[in-house]
Amino acid sequence: MIKGIQYGYPKALLWGILISFIALNSIMLVLEIFYVPLVPVVLLFLALGLVAVDKYLLLIVFFVPVSIPLSRLMEGLSIDMYLPTEPLLAGLLLLYFLKYLMGERIGMKVLRHPVTLAIYFHLAWMFISSLTSTDLMVSFKMLVSRLWFIVGFYLLATQLFRDEKRMQTYVWLYIIPFTGVIVYAILNHMPYGLDNQVMAHRVASPFYKDHTSYGATLGFLLPVLVGLFLLINREAINSRFLMILLILLFSFATVISYTRATWVSILAAIGFWGILKLKIRIEIVLVGTAILLGLFFSFRTQLMLQLEQNRVESSGEFSEHVQSISNITTDQSNLERLNRWSCAYRMWKDKPLFGFGPGTYQFEYGRYQRSYEKTRISTDFGTMGNAHSEYLGPLAESGLFGLLSILMIIGTTLYTGIRVYFTSRIRSIRIFSLAVLVGLVSYYLHGVLNNFLDTDKISALFWGYTAMLVAMDVYHREAKEKQGTLAEGERPN
């Protein structure tokens, strides 16, 4: 076959294509148009997507940690996206629909899974609230980007994860380039001193726009690194030693990222891990949570007075940075977060059912600010981010059902992960499911203080981890499946 390709093509046609391409490039370079050389690269990716969707998806995952916003390359654009990942995901979305029309289907057990049904509801309500949006263009762009994140990192990933080893491959393809980002960030940080909290905000740029998304990624990956370490054969001393070094590097990076939300979420996720390991009954957890909430509301006045006395601001001193977590009096970051939350709540009160539309918070919240809540970093022009919450953001943008849809995804995923961990008869699945679940819980808690699901950096992990738990529940929980078998409803290529 290869010889047929080598000798069967018309050589004159090949030389004609090559000469024409060189001439076209020369003309475009004179006109200062530099994108034509990318055409062969685009065609190569399209060919890869048609021939091997799984490898195409894994290649996207590898690029995610080192993707760069288009706005960093070209200023003044009205739209933004991460390169090269989002264009590749857009191509993957089109490829998915093409294969769907050709009769290829995702396994029905996945499509009917409670997590998938919750995701359907989330997308459906995003579509409805986009129709009533105050800015249709912004909302539908947000919907489309959410759709290609979910199709690539969740739906197609569940089929990739029919092979248990592919779950580890997916994670490693993220970890390897992200380790490079960590080294890059540390090297950028060192000239200013690793205790320089101000510089920590931008040392991972342009790959991560600030230290919060960088820290959230570390919180996602640390539990899975520990899980991967536990899965290494005890006799593989060198591999275990290298894994310990990698875990220490990630832990060190977490500390010097000065991301307080990550510190808190990791500690809380460890508490969640302890609850599962000790097999504490859910009823006891719920009763304990209810008691704590009751005590909070009973003593909220005294607690607020205590919090207002805390004037320790974030700094390079580790103990002071920890104390500043509860400073709601002078710490500008905390005060601005409270300002954004208050705006989200007021926006929801104005449009409680449909909200203002997905993606519109940053353009609408300015007029909902109160002068007594504004800080020196406040802005009225939608240039400084969003609602700083994965829960209040959807509440303001898509109304009550927007928040409910996120909670449904989290609830069904938690139930699935816990079920896999407690019922699987395969040791590797139990260990890996717990690691993935703890990583997700870390972000669920981090999402109270920040929101990054509109970025490829976090979406690749959030939806990818969710797909892993669903795949483990459907394909790996009870018995190992023969490799190479087709999913229910699938047809051969």
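Since the structure is predicted, the reported quantities are computational estimates derived from the model, not experimental observations.

Rules behind the numbers
- Residues numbered from 1 in each chain as written.
- Predicted model: local features only at pLDDT ≥ 70, side-chain atom pairs only at ≥ 80, totals over all residues.
- Heavy atoms only, no water.
- Helix = DSSP H or I, 4+ residues; strand = E, 2+ residues; numbered from the N terminus.
- Buried < 20%, exposed > 50% of the residue type's maximum accessible area, 1.4 Å probe, protein only.
- Contact = heavy atoms within 4.5 Å.
- Axes fitted to C-alpha atoms, helices over the stretch in contact; angles between N-to-C directions.
- Parallel < 35°, antiparallel > 145°, perpendicular 65-115°, else oblique.
- Left-handed = near helix turned anticlockwise from the far one by under 90°.
- Nonpolar A, V, L, I, M, F, W, Y, C, P; charged D, E, K, R; others polar.
- pLDDT = per-residue confidence, 0-100.
- Polar contact = N/O pair within 3.5 Å; in protein donor to acceptor, adjacent residues only side chain to side chain.

**Section: the overall build of the protein**
Consideration 1: A count of helices and strands for the protein gives 21 helices and two strands.
Consideration 2: Burial status across the protein gives 47% buried among its 493 residues.
Consideration 3: Expressed as a percentage of contacts within the protein between residues at least 6 apart in sequence, the contacts between residues at least 24 apart total 74%.

**Some points on the packing of helix H10 (residues 164-189) against helix H12 (residues 237-256)**
Helix-helix packing: each pair is described by the crossing angle between the helix axes and the interaxial distance.
Consideration 1: The N-to-C vectors of H10 and H12 enclose an angle of 50 degrees; their axes lie 11 Å apart at closest approach. With respect to their mutual orientation, H10 and H12 come out oblique. The two elements H10 and H12 meet at a crossing, and its hand is left-handed. Taken together, the residues of H12 that come into contact with H10 (itself represented by Trp172, Ile175, Phe178, Thr179, Ile182, Ile186 and His189) are Met243, Leu246, Leu249, Phe250, Phe252, Ala253 and Ile256.
Consideration 2: For the contact of H10 with H12, the residue count by class is 12 nonpolar, two polar and no charged.

**Comments concerning the confidence of the model for the protein**
Consideration 1: A residue-level look at the protein finds 76% of positions with pLDDT of 70 or above and a mean pLDDT of 81.
Consideration 2: Here residues 318-328 is modelled with pLDDT under 50, and outside its nearest four sequence neighbours on either side it reaches 34 contacts, counting other chains as well.
Consideration 3: Segment residues 481-493: pLDDT under 50, and 24 contacts once partners within four positions in sequence are set aside and those in other chains are kept.

**Some words on unusual backbone geometry**
Consideration 1: A cis geometry characterises the amide bond from Leu83 onward to Pro84, with omega recorded as 5 degrees.
Consideration 2: Positionally, Pro84 belongs in the loop between strand E2 (82-83) and helix H6 (85-101).
Consideration 3: Cis rather than trans, the peptide bond between Ser205 and Pro206 has omega equal to 10 degrees.
Consideration 4: Relative to the helices and strands, Pro206 is located in the loop between H10 and helix H11 (211-231).

**Points about the side chain of Asn451**
Consideration 1: On the secondary structure map, Asn451 appears in the loop between helix H20 (427-446) and helix H21 (456-476).
Consideration 2: For Asn451, the side chain forms a polar contact with the main-chain nitrogen of His388, separated by 3.3 Å.
Consideration 3: Looking at Asn451, its side chain comes within polar contact range of the main-chain nitrogen of Ser389, at 3.3 Å.
Consideration 4: Once residues within four sequence positions are removed from consideration, Asn451 is found in contact with Asn386, Ala387, His388, Ser389, Glu390 and Tyr443.

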